[in-house]
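One letter stands for each residue in the lines below.
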Amino acid sequence: MRVLFAAVALVTATSFSHAAGNAITVYQDPNCGCCSGWVDHMRDAGFEVNAIKTGSMVSIKQKLGVPMTLSSCHTAVVEGTGQIIEGHVPVSAVNKLLADSSVRGVSAPGMPLNAPGMGELDGNLVTVDFAGKPFSRD
């Protein structure tokens, strides 16, 4: 009985941990349709997304420490870690970010046409870390 209780407790704790790791808050301009496309991309991959439409994107980016040279149209915060996802970053790069807590944030600068929410991934989308160094290619 004790072993069963421990197993149930472990599974429950793992489930809560997994859910917390997949919760993100996205700040987006209310007039931007491509941001909603990225939100759908993340939800389709199993992320719990809280989308907040706001006209204060510049101040949010400044508050979160997003380098302006790497900015895009929306900014997301991973609830469990505080890591930042700037723009149309593919889910594979987000998963890589979550696996490395030393990386503060990643970006798909601008509005690349070969990114989720904008168009089809073609293997040439380069995501960078907040130091501007290549992080992934999708």
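Within every chain, residues take consecutive numbers counted from 1 along the sequence as written. pLDDT decides what is reported in this predicted model: residues at 70 or higher carry local features, side-chain atom pairs at 80 or more are listed and counted, and totals for whole chains, interfaces and linings draw on all residues regardless. Side-chain figures throughout are based on the complete set of non-hydrogen atoms in the structure, without hydrogens or water.

Participant: Looking at this model, I keep getting lost on the sheet that holds strand β1 (residues 23-28). Mind explaining?
Facilitator: Two orientations exist for strands paired in a sheet by backbone hydrogen bonds: parallel and antiparallel. For two strands to count as paired, DSSP must find a minimum of two bridges between them. In DSSP terms, a helix is any run of H or I states spanning at least four residues, a strand is any run of E spanning at least two, and both are numbered starting from the N terminus. Reading across the sheet, the seven strands line up as β2-β1-β3-β4-β5-β6-β7 and stay open at both edges, with mixed pairing between neighbours. Edge positions in the open sheet fall to β2 (48-53) and β7 (134-137), since each of these has one partner strand only. Between one strand axis and the next, the sheet turns through 20° on average, direction left out of account. Judged from the six bridges that link them, β1 and β2 form a sheet pairing that is parallel. Note that in β2 the partner of Y27 across the bridge is I52. By the convention used here, residues are in contact when the closest approach between their heavy atoms is within 4.5 Å. Axis lines are fitted to C-alpha atoms, over the contacting stretch for helices. Their N-to-C directions set the angle, which ranges from 0 to 180 degrees. Contacts from helix α3 (residues 57-64) reach β1, β3 (74-78) and β4 (84-87) within the one sheet, and its direction differs from that of β3 by about 40°.

Participant: Explain the confidence of the model for the protein chain to me, please; I cannot follow it from the model alone.
Facilitator: Summary statistics for the protein chain give a mean pLDDT of 87 and a share of 85% for residues scoring 70 or more. Per-residue confidence from the predictor is given as pLDDT, running between 0 and 100. Residue range residues 1-20 is modelled with pLDDT below 50. Its contacts to residues more than four positions away, or to other chains, number one contact.

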